[in-house]
Amino acid sequence: MPMLADPSSKYKPFPSIDLPNRQWPSKRITKTPIWLSTDLRDGNQSLANPMTPQQKMTFFKMLVKIGYKEIEVAYPAASETDWGFVRKVVEDGEAGDDVFIQVLTPAREDLIKRSFTSIAGAKNVIMHLYNATSPLFRSVVFRNSKEETLKLATDHTKVCRALAEEYSAKYGTNFRFEYSPELFTQTEPAFAIEVCEAVKAAWFGGKQEVWSSPGPREERIIFNLPATVEISTPNGYADQIEWFSTHITEREKVVISLHPHNDRGTGIAAAELGLLAGGDRIEGCVLGNGERTGNVDLVTLGLNLYTQGISPGIDFSDLVSIVDTVTECNALPVHPRHPYAGELVFTAFSGSHQDAIKKGIEAADKERKLTGKEPVWNMPYLPIDPADVGGTYEAVIRVNSQSGKGGIAYLVKSALDLDLPRRMQVAFYQVIQKISESTGKELSVADITSSFQTTYFLATSTPPRFVLRSFNLIDTTTPLSTPTPSNPSSDDDSSEDRKKSIIAKVSVDGVVHTIKGDGNGPLSSLIDALSNTFGIELSVREYSEHAVGQGSSTRAASYVELISSEIDPKDRSKGFWGVGIDADITSSGLRAVLSAASSYVGKKTIEVVN
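Residues numbered from 1 in each chain as written. Predicted model: local features only at pLDDT ≥ 70, side-chain atom pairs only at ≥ 80, totals over all residues. Heavy atoms only, no water.

Caption draft 1: Molecular detail of the overall build of the protein. Scanning the protein from N- to C-terminus turns up 17 helices and 14 strands. Rg of the C-alpha trace for the protein: 36 Å, well past the compact-globule value of 25 Å for 610 residues, more than 25% over. C-alpha atoms of the protein, sized along the principal axes, occupy 110 × 60 × 45 Å. Counting over 610 residues, the protein shows a buried share of 49%. Partitioning the contacts of the protein with sequence separation of at least 6, the portion at a separation of at least 24 is 69%. Total accessible area computed for the protein in this model is approximately 28700 Å², and 52% of it derives from carbon and sulfur atoms. When the 63 basic and 76 acidic side-chain charges of the protein are each reduced to a single mean position, those positions are 1 Å apart. (Helix = DSSP H or I, 4+ residues; strand = E, 2+ residues; numbered from the N terminus. Rg over C-alpha atoms; globule rule 2.2 N^0.38 Å. Buried < 20%, exposed > 50% of the residue type's maximum accessible area, 1.4 Å probe, protein only. Contact = heavy atoms within 4.5 Å. Areas by Shrake-Rupley, 256 points an atom, 1.4 Å probe, with all protein chains shown as cover. Lys, Arg positive; Asp, Glu negative; His and termini not counted. Charge placed at Lys NZ, Arg CZ, Asp CG, Glu CD.)

Caption draft 2: Local environment of the nonpolar core. Ranked by size, the top nonpolar core spans 116 residues in total, and within it Ile 101 and Ile 119 carry the most contacts. Not counting residues up to four positions away in its chain, the partners in contact with Ile 101 are Phe 60, Ile 71, Val 73, Val 86, Val 89, Val 90, Ala 95, Ile 119, Ala 122, Asn 124, Val 125 and Ile 126. By size, the runner-up hydrophobic cluster in this structure holds 26 residues, among which are Leu 473, Val 508, Leu 523 and Val 601. (Core = buried A, V, L, I, M, F, W, Y, C linked by side-chain atoms within 4.5 Å.)

Caption draft 3: Region of interest: the sheet that holds strand S10 (residues 500–508). Read from one edge to the other, the open sheet built from three strands follows the order S9-S10-S11, with strand pairing classed as antiparallel. Pairing within the sheet leaves two strands with one partner each, and these edge strands are strand S9 (466–475) and strand S11 (511–519). Neighbour-to-neighbour, the strand axes of this sheet turn through a mean angle of 20°, independent of strand direction. When S10 meets S11, the two strands line up antiparallel, connected through nine bridges. Paired with Val 508 across the strands is Val 511, a residue of S11. (Pairing = 2+ DSSP bridges. Axes fitted to C-alpha atoms, helices over the stretch in contact; angles between N-to-C directions.)

Caption draft 4: Molecular detail of unusual backbone geometry. Even without being a glycine, Arg 292 presents a positive backbone phi close to 55°. As for its placement among the helices and strands, Arg 292 is situated in the loop between strand S8 (281–284) and helix H10 (298–306). Overall, Arg 292 belongs to the partly exposed group, its relative accessible area being 48%. Here Phe 457, not a glycine, exhibits a phi torsion of approximately 60°, which is positive. Here Phe 457 is to be found in the loop between helix H15 (445–455) and S9.

Caption draft 5: Main features of the packing of aromatic side chains. Counted by the stated rule, this structure contains twelve aromatic pairs. Summarising the aromatic geometry, the rings of Phe 184 and Phe 244 are spaced 6.0 Å apart at their centres and angled 85° between planes, so their arrangement reads as edge-to-face. Of this pair, Phe 184 sits in the loop between strand S5 (174–182) and helix H7 (189–204) while Phe 244 is found in helix H8 (residues 234–247), placing the two residues 60 residues apart along the sequence. The exposure classification of Phe 184 matches that of Phe 244, with both residues buried. (Phe/Tyr/Trp six-rings, centres within 6.5 Å; stacked < 30°, edge-to-face > 60°.)

Caption draft 6: How the structure looks around the sheet that holds strand S14 (residues 576–582). One open sheet accounts for three strands, arranged S12-S13-S14; its pairing is antiparallel. Looking at the sheet topology across the chains shown, the edges are occupied by strand S12 (538–548) and S14. On average, each strand axis in the sheet is inclined to that of its neighbour by 20°, with strand direction left out of account. Note: strand S13 (residues 555–564) against S14, seven bridges, orientation antiparallel.

Caption draft 7: Seen up close, the environment of Gly 278. Following the sequence through the fold, Gly 278 ends up in the loop between helix H9 (267–276) and S8. In sequence terms Gly 278 and Val 255 are 23 residues apart; their C-alpha atoms lie 9.5 Å from each other. If we skip the residues at most four places from it in the chain, Gly 278 touches Ile 241, Ser 245, Arg 251 and Ile 256.

Caption draft 8: Local environment of a negative patch on the surface. Together, Asp 315, Asp 318, Asp 324 and Glu 328 give the surface a local cluster of negative charge. Relative to the elements of secondary structure, Asp 315 occurs in the loop between H10 and helix H11 (319–330). (Patch = residues over 30% accessible without salt bridge, like charges linked within 9 Å, V, L, I, M, F, W, Y side chains within 5 Å. Salt bridge = Lys/Arg side-chain N within 4 Å of Asp/Glu carboxyl O.)

Caption draft 9: Structural detail: the state of the cysteines. By the definition in use, this model includes zero disulfides. Here Cys 196 is not cross-linked by a disulfide; its sulfur's nearest cysteine counterpart is in Cys 160, at 14 Å. Overall, the relative accessible area of 0% leaves Cys 196 in the buried class. The structure places no disulfide on Cys 285, whose sulfur is separated from the nearest cysteine sulfur, that of Cys 329, by 13 Å. (Disulfide = S-S within 2.5 Å.)

Caption draft 10: Structural detail: the pattern of salt bridges. Across all of its chains, the model carries 36 salt bridges by this definition. Between Arg 41 and Asp 42 there is a salt bridge, with the nearest N and O atoms lying 3.5 Å from each other. Of the residues examined, Arg 41 reaches a relative accessible area of 8% and is grouped as buried. Note that Glu 80 and Arg 114 form a salt bridge whose closest N and O atoms lie 2.7 Å from each other. Taken together, the positions of Glu 80 in helix H3 (residues 80–91) and Arg 114 in helix H4 (residues 109–118) put the pair 34 residues apart, joining distant regions of the chain. The partly exposed category is assigned to Arg 114, whose relative accessible area is 29%. Residues joined by salt bridges that share partners form a network here, namely Glu 70, Arg 176, Glu 178, Arg 281 and Glu 283.

Caption draft 11: Summary view of the side chain of Thr 154. Tracing the chain through its elements places Thr 154 in helix H6 (residues 146–171). Classification of Thr 154 as buried rests on a relative accessible area of 10%. The residues touching Thr 154, leaving out its near neighbours within four places in the chain, are Ala 198, Val 199 and Ala 202.

Caption draft 12: Representation of a nonpolar patch on the surface. Taken together, the side chains of Leu 136, Val 140, Val 141 and Phe 142 present a nonpolar region at the surface, about 380 Å² in accessible area. With relative accessibility at 52%, the residue Val 140 sits in the exposed group.

Caption draft 13: Up close: the environment of Asp 324. Within the secondary structure, Asp 324 is located in helix H11. Relative accessible area serves as the criterion here: at 44%, Asp 324 is assigned to the partly exposed category. Between the C-alpha atom of Asp 324 and that of Leu 305, which follows or precedes it by 19 residues, the distance is 23 Å.

Purely geometric stuff here, so don't read any function into it on its own.
What follows is the structure, encoded as structure tokens:
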């Protein structure tokens, strides 16, 4: 059946609410809401293969460990399995002293009583009662009038109140009460208020002492306002929440709880706008499992707050383990691009993105060294520091055929502590690009570092054609011609009279040769020696160096680009890069020259010409 050319003949837009002076658009979220995890009830009911009691217990313990204080554990009247799980939690004291376990019951007296038997002896309990209030369910599903629907809610609230007082007296249980006008978003706003007002009066049972200030949590009634099926844009949900919040009486006695589903894919936005509109509490699932397209994701909501400088009160510092536990228990995979928790969510493959991240990380490192303080997080493409949720920077930049030089250079620096000059980044990028395009696969950090070491002869398995064995550098500007320590950068010395001579032993394909040359520094002297002995005519186009490591283990890393002597140094023609690493800075520069010279000759025969 094709889609309708005119869907308005079948589907109608959601009705808007008259709220001309809405306040929520100008507000900000400044505090953490009360969290309720409903993974073990709502999330569990959505699974084709529900969790076993053992899996549910593993999940429950994780929720307690990371900090959830209100956990909906079951619909105990629905099955012996759920009832037994609640008993296990209670009898083994798994909730401790500060966690409220919540159980759900429909407005049926026999099921309410069965639910209460499951929590006998528990320290802290939230009894959650619901009945459907929307016109569709009143007329089609249950065929109840408004009056019958209201009476169903109030009569069973009184049952819950009487049992709560009984169990509190018998077991010392601390009770909270939650009522849900199911399908709130599809219920007439005025009728939702009417039902909730009647439920509030029934729960407090005429004990209407004067409240001069907000009472403690235990004394407030929880009204859960679920988007059981998401039917509107998030602003529509926010309007409904603000209207309810401003029309319910004795607001100080009420906790407004939000239970967004994700049918339109906007559950997160609906929850956040609902908080702006007056919501106090969020009900959802860790990673968003739930019926149809899911319940709202508590991880995303919590970490959204965190990135704005507000602690969610939940410990997501080992998010990888949380993901592992959730997926092990409910057998649902987490999308690799899932916010915060996805395997690839902090990963950049794009070259421009990688370059921006690399520069951002370098800027933060520089500020950290200058100030000695952790800088405010302000990183290109990364709204949160991966390290805060147990991630590693190795996973931030990953390489495929779309990647750029900046990302590749970042990985080399991270893995080998080698900060490549920009032109060398371009050269090595071309090496990696060819490998990636030929394989069509992502390259790992190990692949990239191995390729780098092979390309520039740093791996013992691929030695350069030219290997430095020893050298003696002579300053020929002095009468005594005594050996003097030198820096390779003296090749750029402005003194026209400065002269150096080198006598070096160089192994060529395993055969040692003694070579001699002159220049204005170590590098030019070695290049002259290569020309004198092997007829190789090269010159330096670029040289740079930096320290590797710290303290007594510090070494020097040198980078040299050689070009044919026939090429103008300003010419962009291909050069040949080499890398040298040594405890002695002069030795590292000379090794870099021989590394580049080895690339220049490639597999050609090297002959002694003099």
